[in-house]
Amino acid sequence: MVDIIFVLLIGVVTGMTTIVFGFGGGFVVVPLVYHLVTASGEQPGQAMHIAVATSTAVMIFTAGYATFAQWRSGNLLRETLVPLIFYIGMGAVLGAFASSLLADGTVRLLFVIYILVTIADCLFRPGFLVKPVRAALSPSTLLIGGPLIGVIATLLGVGGSVMTVPLLRRHGFEMRHCVSSANALSIPVAVVGALMYVGLGWREMTGPHYLGYVNLALLGQLVTSGVVGTVVARKWLPKVNDRLHARIYVLLLILVLIAIGV
């Protein structure tokens, strides 16, 4: 019972971070599911794969709902989505397949490295904490960066927000536009990734709670409470200025690193 309440509370937090930071739930869900599956002792050696797959499935719903809400609020900009979304979708297929070839511990190590590099990049490279002049995404950024975001996002179950938000930020967009676009850009990653993880884990996993690598029980609880979290964030969380928004974003990444590293 305690575990269920804890999962529901984390689901609410997931919905809130999806709206405010564009995380799509991945950076909250992955550490949670990893620790729960590890502590349960079920599916030994697969905890990180289950965490990534379940997180990816959760993002279909949380990022989808958040995108709809942000579209209605007028925060989505076409130039931040097209054509980047198509390149990210292509990379998502490769990322899910690559994850199935890696050991559980390797995926966890890559997750930690990814967060560390992103934190360092946001703190020490100019262009994130202080917004630069707006510039269009170059063809090379789209052609190389788009597929790379898709690969890493699906491989680690994070939805790509920790690459798309800094990328768009460094091209001069306000945090509210970066966050809104990150949710929309997470949708192809979530759909493609979830389908791939279901197929890749079809014969690997056993038990009534699993569809491939996706834990259906946790998925249901996290999606339900996640929607509640998005509603709470939209209606009651105060708006923050652009510079403070960027600093809180980095702080949250540090907390996620601590959570997955414990």
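Parameters at a glance
Residues numbered from 1 in each chain as written. Predicted model: local features only at pLDDT ≥ 70, side-chain atom pairs only at ≥ 80, totals over all residues. Heavy atoms only, no water. UniProt positions renumbered as here; feature names shortened; annotations may be inferred. Helix = DSSP H or I, 4+ residues; strand = E, 2+ residues; numbered from the N terminus. Rg over C-alpha atoms; globule rule 2.2 N^0.38 Å. Buried < 20%, exposed > 50% of the residue type's maximum accessible area, 1.4 Å probe, protein only. Contact = heavy atoms within 4.5 Å. Areas by Shrake-Rupley, 256 points an atom, 1.4 Å probe, with all protein chains shown as cover. Lys, Arg positive; Asp, Glu negative; His and termini not counted. Charge placed at Lys NZ, Arg CZ, Asp CG, Glu CD. Patch = residues over 30% accessible without salt bridge, like charges linked within 9 Å, V, L, I, M, F, W, Y side chains within 5 Å. Salt bridge = Lys/Arg side-chain N within 4 Å of Asp/Glu carboxyl O. Core = buried A, V, L, I, M, F, W, Y, C linked by side-chain atoms within 4.5 Å. Phe/Tyr/Trp six-rings, centres within 6.5 Å; stacked < 30°, edge-to-face > 60°. pLDDT = per-residue confidence, 0-100. Expected span 1.5 Å × (residues − 1). Disulfide = S-S within 2.5 Å.

Identification of the protein as Probable membrane transporter protein from Serratia liquefaciens is taken from an unreviewed UniProt entry. Its UniProt record gives the protein the following Sequence similarities (unreviewed entry) comment, quoted word for word: "Belongs to the 4-toluene sulfonate uptake permease (TSUP) (TC 2.A.102) family."

**Observations regarding the overall build of the protein**
Within the protein, the regular secondary structure consists of 11 helices and 2 strands. In terms of overall dimensions, the protein is globule-like: its C-alpha atoms have a radius of gyration of 17 Å, near the 18 Å expected for 262 residues. For the C-alpha atoms alone, the extent of the protein along its principal axes is close to 50 × 40 × 30 Å. Here the protein holds 262 residues, and the buried ones make up 53% of them. The long-range share in the protein, meaning contacts at least 24 apart out of those at least 6 apart in sequence, stands at 83%. On the protein, roughly 11500 Å² of surface is accessible, and the fraction owed to carbon and sulfur atoms is 72%. Computed over 15 positive and 8 negative side-chain charges, the separation of the two mean positions in the protein equals 13 Å.

**Here's the deal with a nonpolar patch on the surface**
Together, L251, I254, L255 and I258 line one region of the surface with nonpolar side chains, adding up to about 350 Å² of accessible area. The residue L255 is located in helix 11 (residues 242-261) in this model.

**Some remarks on the nonpolar core**
One finds V33, F128, L222 and Y249 to be the most contacted residues of the largest nonpolar core, which totals 71 residues. Counting residues per element, this core draws most heavily on helix 9 (residues 175-200), at 10 residues. For L222, the contacting residues outside a window of four places in its chain are V7, G11, V29, L32, V33 and V58.

**Topic: unusual backbone geometry**
Following V82, the chain continues to P83 via a peptide bond in cis, the omega torsion being 5 degrees. Residue placement: P83 occurs in the loop between helix 4 (78-81) and helix 5 (84-101).

**A short note on the packing of aromatic side chains**
For the structure on display, the rule yields 2 aromatic pairs. Note on F68 and W71: the rings are 6.1 Å apart at their centroids and 35 degrees apart in plane angle, and the pair reads as tilted. Placement of the pair is F68 and W71 together in helix 3 (residues 47-72), with a separation of 3 residues, close to one helical turn. Residue classification places W71 among the exposed residues on the basis of a relative accessible area of 56%.

**Things to note about the confidence of the model for the protein**
Model confidence for the protein is summarised by a mean pLDDT of 82, while 94% of its residues fall at 70 or above. Across the protein, element-level confidence peaks in strand 2 (residues 214-215) with a mean pLDDT of 92 and bottoms out in helix 1 (residues 2-21) with 78.

**Brief notes about helix 5**
With 18 residues, helix 5 extends 27 Å from end C-alpha to end C-alpha; this agrees with the ideal 26 Å at 1.5 Å per step. Those residues of helix 5 not exposed but buried are L84, I88, G89, G91, A92, G95, A96 and S99. Close packing links the buried residues of helix 5 with helix 3, helix 4, helix 6 (104-124), helix 7 (139-156), helix 8 (161-169) and helix 9.

**Points about the state of the cysteines**
Taken as a whole, this structure holds 0 disulfides when the rule is applied. Left unpaired, C122 is separated from the closest cysteine sulfur, that of C178, by 11 Å. Overall, the relative accessible area of 1% leaves C122 in the buried class.

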